[in-house]
Amino acid sequence: MSPQEQDARTSKEKRDYKETLNLPRTDFPMKANLPRREPEMLAFWESREVYRKLLEKNRSGPSYVLHDGPPYANGHIHIGHALNKTLKDVLVKYKAMRGFHAPYVPGWDCHGLPIELEVDKKLGGKKAEVDILAKRRLCREYAEKFVQVQREEFKRLGVFGTWGSPYLTMSNDYEAAIVGELMTFLEKGSVYRGKKPVHWCPSCVTALAEAEVEYAEKTSPSIYVKFPVERADRERLGLGGEDAFFLIWTTTPWTLPANLALAVNPDFIYAAVEVRGEVLVLADDLRGRLLREGVLPEEEIAVARLKGSDLVGARARHPFVDRVSTVVPASFVSAEEGTGIVHIAPGHGEEDYEVGLREGLDIYAPVDDLGRFSGSGVEALEGQFVFKANAAIVDILREKGLLLHGSQLTHTYPHCWRCKKPVIFRATEQWFISMEHDALRENCLREVERTQWVPHWGEDRIRGMLQSRPDWCISRQRAWGVPITVLTCLSCDTPVNDPRVSEHIVALVREHTADVWFSREAPELLPEGYRCPSCGGGTFKKETDILDVWFDSGVSHAATLKPEYGLSWPADMYLEGSDQHRGWFQSSLLAAVGTRGRAPYRTVLTHGFVVDGQGKKMSKSLGNVIAPQDVIKSTGAEILRLWVSAEDYKGDVKISREIMARLTEAYRKIRNTAKFLLGNVHDFPGGEPAGELQEIDRWAMSRLQGLTEKVTAAYERYSFHEVYHRLYNFCVVDMSSFYLDVLKDRLYTYREDSPGRRGAQWVLREILLTMTRLMAPVLSFTAEEIWRFTKDAPAESVFLAPFPVVEERFLDHALERRWETLMAVRNEVNRALELKRKDRMIGNSLEAGVVLHAQDRELLALLEGYRDFLPTLFIVSAASLRGEGHGEYASEEVPGLSVGVERAPGQKCARCWNWSTTVGQVAEAPEICQRCYGNIT
């Protein structure tokens, strides 16, 4: 060892140069520990009243109203709730940070069958002994309990809102608003009472709305039944013989006792075919299908061909009830399935009902509230449940020789949304809102066109539903809900329709809740001395049915979008799951157009359902349910929020432990970037940079403006998954893998207050402040935590800081294009260095010197301009540039480039770890390079 080397070694042993480096310093922890730290953020927001201050700050700004679709106050929240509430929170926070006055008033749907059934379950055998007011009190207490439970669970997700004063459909004011909207419909003449077939749940003993019906598979009998043609009509139609029959097909044999007619399509051609001595009449186009399916034997012989219009008026005997069924025309009869002849039971089907009205038939439904036959005219069926009676009816048909063919069919069938059991179509006396009166259907379709639908296919979906939906059945036969507040004169049977009475009842409900309807007799609900305007009668009866809960929630716009809540009408946004096209979106549209002539929303956004990682529906039996409470307990609500942003909500949204693990790793990288930024601006004194920024810093500032522009546009388009991907790529690709990596040498080794370091710090602080605000609507907990660790943060909370805007002075697309090429060259150099590292020629990249061979003149000229910066760009100790020759590694990505790697000349600096020929040239510090010596002296 030479004397100089010995001196250098001794000096190194004496001095630790680490203390001369500007190493990062921050107490911001890399380990997030979100389950423990998030409650601290919640406490911070509450103690500092951040949400109230945010509303106050934007009080004079433009208004933005996202109206909350009320979740049902029953049970703990599930993963679908977490998705929905977080999407709403992301949008509202973004708008608020943009300066909009955007209050978020959460609400709950508190009435309805599920709560009543839970109360009945707890009462057990005592439920029949409890009067209606006691049951309603128990239902109210049950709903209040779960409002409290769900409120805390939603707040735990980091959702901002007026949690202290939500809207509840069971509050006095809200129930009064429900009654007021109903009375408006009544006064306009849109409400009527009639006997129509509706979906009826025999298990829950109530009528159901379209939105309360789900479709699931059911196995039913599939039978072909013969209706004997009357003798006179056999002769008139030229069917001949003693035995001629109209052939029908049905999968609901239990509706046959209610058959009153047979329907044919007047434009079809029907064939009379002889089968084993009998003549069967059916649609000619369906003969081939029935032959293939074995319903008709191959030896059938055509006897005659008739137009459907010729069959109209013909009569047939009912197969097992002593009455006649007349053939009637109906354009809905199709040649897609069956026989082309449809059996009509006006009390058990919507189209059957329409035919019955037109033909003057009785709306006959011999089935009671529990789904049992009553007054069917068939003694063997009386008291039997309709689905169980199917087998008995098939046996009767078989005994009478009128069953041509029978089998089992699995098909989709309507089921009750609550008990999941099959429902029936049954004609009962119900209250309806007419879809045709006052052009309600037409006006709703017009408003659909005026509304923005996200995704766009939502418009077609709801339009199709509106075009085909029947009148809205608004009555239910239960106890827990708002009553249909109609009083009927006992003398003339006329419902009271008087604005003075309506105002009186609304005032009573506002003072006493809807319980007043059940606690008082009819005279106590009317103004004193009131008499019937039609006949002068003074005695009245009150309606006992309650309103459909979809009417309750459908009028939420009227109950809440008003100044008392700080809201305005109509709402800017309704945001719910895609099932609400037939639910809340539609009931809200009907309710608002029916009373105000306009939709209650300007934009409607829908998201898909949450499914598991394989796209399967979540179910306890499959064991694939992921509860938000479990995710929060293990990894924190922030990971749930990140999941909501990362997934494209327009389709079904997948979640699994593997997906959450990937997002946790992505979150760690974002957090790591924030920690680096915080650590390297700890001693930044503030102010503007001294002199012009270096070009790589100007590149970073340009990229930051691009990020701001693209993220803002993504928020505006409601493309929240794009927000996540933009932020993640910026942190991982632009920052961690490139800019921050290249910057370390300048940050750590330059003199603390040098213009180069201070300029870099200024850029890092701009990135930190901008990135934190961009992520705040999504990663709310983390953004607030970063903000609290940010020295001299410009606001008390990140949410009280304005949302970033693009600073045009820093946008430089030409510079970014140049640097795209430089980064591509850097990637090729990194590949070459990695190969040498595998060959053990080098360890750290600073041990290397790089030789670039650029055959392309434009590339060579570009690299020449950055010759002195190339070692910094590549994080090597030396780099040279040649226009001729070839390196060991030819680039596949950059045409005309090859790379050579060799050992860097000189010795390793003990301070910056670069290899330099200047190490040993400074007598006072022979173990460091001249650059480092200058930086510490």
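Details of the structure are given in the entry above.
Residues numbered from 1 in each chain as written. Predicted model: local features only at pLDDT ≥ 70, side-chain atom pairs only at ≥ 80, totals over all residues. Heavy atoms only, no water.

Visitor: What is the right way to read unusual backbone geometry from this model?
Guide: Working note: non-glycine residues mostly have negative phi, and peptide bonds are mostly trans. Look at the link from valine 454 to proline 455: it is a cis peptide, with omega at -5 degrees. Residue tryptophan 569 is joined to proline 570 through a cis peptide bond whose omega torsion reads 0 degrees. Its identity is not glycine, yet glutamate 49 carries a phi of approximately 55 degrees, on the positive side. If you trace the backbone, glutamate 49 turns up in the loop between α2 (34-47) and α3 (50-57). (Helix = DSSP H or I, 4+ residues; strand = E, 2+ residues; numbered from the N terminus.)

Visitor: Mind showing me how you'd approach the pattern of salt bridges here?
Guide: In a structure, side chains of opposite charge can pair up when their charged atoms sit close to one another. Using the criterion set out here, one finds 73 salt bridges in the structure. Its salt-bridge partner being arginine 136, residue aspartate 515 comes within 2.6 Å of it at the nearest N-O pair. Here aspartate 515, found in helix α16 (residues 515-519), pairs with arginine 136, found in helix α6 (residues 132-156); they are 379 residues apart in sequence, far enough to count as distant. The pair formed by aspartate 515 and arginine 136 is uniform in burial state, with each residue classed as buried. Aspartate 648 is paired through a salt bridge with lysine 650; the nearest N and O atoms lie 4.0 Å apart. Owing to a relative accessible area of 36%, aspartate 648 belongs among the partly exposed residues under this scheme. Residues joined by salt bridges that share partners form a network here, namely Asp68, Lys85, Lys88 and Glu576. (Salt bridge = Lys/Arg side-chain N within 4 Å of Asp/Glu carboxyl O. Buried < 20%, exposed > 50% of the residue type's maximum accessible area, 1.4 Å probe, protein only.)

Visitor: Just checking my understanding: could you explain the packing of aromatic side chains for this structure?
Guide: Each aromatic ring pair is summarised here by two numbers: the centre-to-centre distance and the angle between the ring planes. Across all of its chains, the model carries 38 aromatic pairs by this definition. On the basis of an interplanar angle of 65 degrees and a centroid distance of 5.0 Å, the ring pair of phenylalanine 160 and phenylalanine 799 is categorised as edge-to-face. Remark: phenylalanine 799 occurs in the loop between α26 (780-789) and α27 (813-838) and phenylalanine 160 occurs in the loop between α6 and β3 (167-168); sequence separation between them is 639 residues. Assigned by exposure class, phenylalanine 160 and phenylalanine 799 land together as buried. Between tryptophan 254 and phenylalanine 387 the ring centres are 6.3 Å apart and the planes differ by 90 degrees, which places this aromatic pair in the edge-to-face class. You can see tryptophan 254 sitting in the loop between β7 (244-250) and β8 (261-264) and its partner phenylalanine 387 sitting in helix α12 (residues 386-399), a full 133 residues away along the chain. (Phe/Tyr/Trp six-rings, centres within 6.5 Å; stacked < 30°, edge-to-face > 60°.)

Visitor: Before we go on, may I ask you to explain the sheet that holds strand β14 (residues 341-344) in this structure?
Guide: Backbone hydrogen bonds are what pair the strands of a sheet, in a parallel or an antiparallel way. Overall, mixed pairing links the four strands, which are arranged β12-β13-β8-β14 in an open sheet. Of all strands in the sheet, those bounded by a partner on one side alone are β12 (315-317) and β14. On average, each strand axis in the sheet is tilted by 30 degrees relative to the strand beside it, whichever way the strands run. Bridge count for β8 against β14 is four bridges, and the pairing is antiparallel. Its bridge partner lying in β14, leucine 262 is registered against histidine 343. (Pairing = 2+ DSSP bridges. Axes fitted to C-alpha atoms, helices over the stretch in contact; angles between N-to-C directions.)

Visitor: Help me understand α12 in this model?
Guide: For an α-helix, 3.6 residues make a turn, and residues three or four places apart therefore share a direction. Compared with the 20 Å implied by 1.5 Å per residue over 14 residues, the 20 Å span of α12 between its first and last C-alpha is a close match. Taken together, the buried positions of α12 are occupied by Val386, Phe387, Ala389, Asn390, Ile393, Val394, Ile396 and Leu397. Where α12 is buried, its residues contact β6 (213-228), β15 (403-416) and β16 (424-433). With its phi angle positive at about 75 degrees, glycine 401 sits one or two positions after the end of α12. (Expected span 1.5 Å × (residues − 1). Contact = heavy atoms within 4.5 Å.)

Visitor: Hey, could you run me through the side chain of arginine 37 in this one?
Guide: As for its position among the elements, arginine 37 is in helix α2. At 3.4 Å, the side chain of arginine 37 forms a polar contact with the side chain of glutamate 785. Excluding residues within four positions of it along the chain, arginine 37 makes contact with Pro29, Lys31, Ala32, Arg671 and Glu785. (Polar contact = N/O pair within 3.5 Å; in protein donor to acceptor, adjacent residues only side chain to side chain.)

Visitor: Looking at this structure, how should I read the state of the cysteines?
Guide: Each disulfide is one covalent bond, formed between the sulfur atoms of two cysteines. One pass over the structure, following the stated rule, counts zero disulfides. Cysteine 912 provides the cysteine sulfur closest to cysteine 909, a residue in no disulfide bond, and the two sulfurs are 3.6 Å apart. Cysteine 932 supplies the cysteine sulfur nearest to cysteine 929, a cysteine that is in no disulfide, at a spacing of 3.7 Å. (Disulfide = S-S within 2.5 Å.)

Visitor: Quick question: what am I supposed to make of the pairing of β6 here?
Guide: In regular strands, side chains alternate between the two faces of the sheet. Across 13 bridges, the pairing between β6 and β15 is antiparallel. Among the inter-strand pairings, valine 225 is bridged to a residue of β15, identified as leucine 403. Here β6 runs beside β7; their pairing, made up of six bridges, is antiparallel. Bridging from a neighbouring strand, isoleucine 223 pairs with threonine 250 of β7.

Visitor: Which parts of the structure should I look at to understand the sheet that holds β15?
Guide: Pairing within the open sheet is mixed, and its six strands lie in the order β11-β9-β10-β7-β6-β15. The open sheet terminates on both sides in strands that have one partner only, identified here as β11 (301-307) and β15. Each strand axis lies, on average, 25 degrees off the axis of its neighbour in the sheet, ignoring direction. In this sheet, strand β10 (residues 278-283) lies alongside β7 in parallel orientation, the contact comprising three bridges. Counterpart to alanine 244 in the pairing with β10 is valine 279. Relative to the sheet, α12 contacts β6 and β15, its axis offset from that of β6 by approximately 15 degrees.

Everything listed here is a matter of geometry and, on its own, says nothing about what the molecule does.
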